[in-house]
Amino acid sequence: MDKTKAKAGMVRSWRDLLSYFNVKDDLEPQNDIEISIRSGVSFKGSQLLTLIFAIFIASLGLNTNSIPVIIGAMLISPLMGPIIGMGLGIAVQDFELVRRSLKNITAAVIGSLLTSALYFLISPQYEGASQLLARTSPSIYDVFVALFGGAAGILSIAAKNKGQVLPGVAIATSLMPPLCTAGYGLATMQMHFLFGALYLFFTNMIFIFFATWIGIKLMGFKHVVYQNEKRARKMQAVAYSIVAATIGVSVYLTVVMINRNLFLDNASKFVQNEMVFPNTQVLSHNEYVKNGKRYIDVTLIGEALPKDSLQLAMMNKLDSVGLGGTVLNIKQGFSLSRTDLDETANADKFYQLMQAEIAQRQSAIDSLKAIVDLHEQFSDESVKVSPEIKVLFPSIRDIALSQMVASSVESSSTDTVSMIFVNAPGGVSASERQKLIDYMEVRLGRKNIHLTVNPANFPWPSVKE
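Description of the structure in this document. (Residues numbered from 1 in each chain as written. Predicted model: local features only at pLDDT ≥ 70, side-chain atom pairs only at ≥ 80, totals over all residues. Heavy atoms only, no water.)

1. Section: the packing of helix 5 (residues 80-92) against helix 6 (residues 95-122)
The criterion, for reference: Axis definition: a line fitted to C-alpha atoms, limited for helices to the stretch in contact. Angles are taken between N-to-C directions and run from 0 to 180 degrees. Helix and strand definitions here come from DSSP, where helices need a minimum of 4 consecutive H or I residues and strands a minimum of 2 consecutive E residues; each element is numbered from the N-terminal end. Comment on the angle field: the value is read as roughly parallel under 35 degrees, roughly antiparallel over 145, roughly perpendicular from 65 to 115, and oblique elsewhere. In a left-handed crossing the near helix is turned counterclockwise from the far helix by less than a right angle, and in a right-handed crossing that turn is clockwise. Between two residues, a contact is recorded if the distance between any of their heavy atoms is within 4.5 Å. Charged means Asp, Glu, Lys or Arg here, nonpolar means Ala, Val, Leu, Ile, Met, Phe, Trp, Tyr, Cys or Pro, and polar covers whatever is left, Gly included.
At their nearest, the axes of helix 5 and helix 6 sit 8 Å apart, and the two run at 160° to each other. Judged on the interaxial angle alone, helix 6 and helix 5 are roughly antiparallel. Our pair here, helix 5 against helix 6, has a crossing hand that is left-handed. Of helix 6, the residues touching helix 5 (which contributes Pro82, Ile83, Gly85, Met86, Leu88, Gly89 and Ile90) are Leu97, Val98, Ser101, Leu102, Asn104 and Ile105. Here the contact of helix 5 with helix 6 is composed, by residue class, of 9 nonpolar, 4 polar and no charged.

2. So, the sheet that holds strand 6 (residues 449-453)
Two strands in a sheet stick together by hydrogen bonds in their backbones, pointing the same way (parallel) or opposite ways (antiparallel). Heads up, the condition is: A pair of strands is considered paired only if DSSP assigns at least 2 bridges between the two.
Pairing in this open sheet of 3 strands is mixed, and the strands run 4-5-6 from one edge to the other. The sheet terminates laterally at strand 4 (398-407) and strand 6, the two strands that pair on one side only. Direction aside, the axes of adjacent strands within the sheet are offset by 30° on average. Across 5 bridges, the pairing between strand 5 (residues 414-423) and strand 6 is parallel. Bridge pairing in strand 6 links Val422 to Val453. Sheet strands touched by helix 15 (residues 430-444): strand 4, strand 5 and strand 6. Its angle to strand 6, the strand with the most contacts, is close to 135°.

3. Concerning the pairing of strand 6
Here is the rule: Per-residue accessibility, obtained with a 1.4 Å probe over protein chains only, is compared with the maximum for each type, and a residue is labelled buried under 20%, exposed over 50%, and partly exposed between these values. Crossover handedness is defined by viewing with both strands directed away from the observer: a clockwise path from the first strand over the helix to the second marks the crossover as right-handed.
Burial along strand 6 is one-sided: Ile449, Leu451 and Val453 are buried, while His450 and Thr452, pointing the other way, are not. Chirality of the crossover, the property in question, places the unit of strand 5, helix 15 and strand 6 among those that are right-handed.

4. Quick word on the environment of Ser250
In this fold, Ser250 is placed in helix 11 (residues 229-274). Among the residues examined, Ser250 registers a relative accessible area of 5% and is labelled buried. It is 10.0 Å that separates the C-alpha atoms of Ser250 and Val143, two residues lying 107 residues apart in sequence. When residues no more than four places from it in sequence are discounted, the contact partners of Ser250 are Ile206 and Phe207.

Below is the structure:
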């Protein structure tokens, strides 16, 4: 009995949960929804002028890299109408509506391109801002924006309680910037902007249409009844074939896009994790796919590394992380071109690395200078003390001073040793030796000076004479 009650309670809880997602009772009648969608399909009069104004505003926002201006253009854009109409036409098999929607979206695209191109022809600023350049190739995030934007658009149109949803804003998010960027490419005759942005636009448009179509099918809209069933079936076959082909191409392009994004992500992680060196840093790196070939360009700054061994080691690591076949281009040293500097993601980082490199080299210079100064000091002292030694220690004919490094052959330990070599043919007594060591320690300001008397085969000046 207890189990039965528990099961019934779980069923009620599940139904209560599902009721929050039930939209059937919140939908307008099909006829009202269709009237609303069909009225927004045509681009004439105020609709066309509104689109032109929105394109001008969006182009201005992209040109000046102003996100608030771009958002303002999306709020007034009527681009959604024909796309939603096309989804409705396919879903209810109204192929006349599909034809009219295609005609109007084509007119909207051409009008948007010409408007945007006109703006950029008269604009004094021709350098593409970052927001503009970002709209030349699709990513998986653009696909998600288009899908969920299309779903939100059709649901907001169909719902009785529309709330604060503005139909088309989410859709315009993925359509307006690419169209303006394509106009920029047309105005400046940069085909990679034109075709890249159009590719992004059509990819987004297809997924918006797909989300709309599926949404209307799930709402259970009734089909349009034709008197000429044969003609209707023919139009249905053509329409579904076009839709299937379009979605098939879009899915293929999306898979290619996902693989490309995975490569870019893995390649970036490879550079960050594997190209780590003690005295060398990665100044900039760029991962890209060109003509089906994958590339990684890396610029290093700091201590130059052996080119061949570095290239071989990195290529082996590329194979081990699943990036085999990628072309790795490594640049090293200070001979950076203007292009290298322009490609650096952060100019501040470049100057910080340069300052660190300069400080490191200055430290090495100071260390070497100290060694040279010490050597010169010993050389000078050897000449200066010679007259004093002649007076204080008459038995000594020659003297040599040296700062030496002693190294163990059995271990890596080393030590610096201060040495005095003297030439005394008659020898030097033990007391005289100690007296000489004490004198030289005071004279040179050093401790632990070692004395060697009459070293064999030493090239003394007096002997050479």
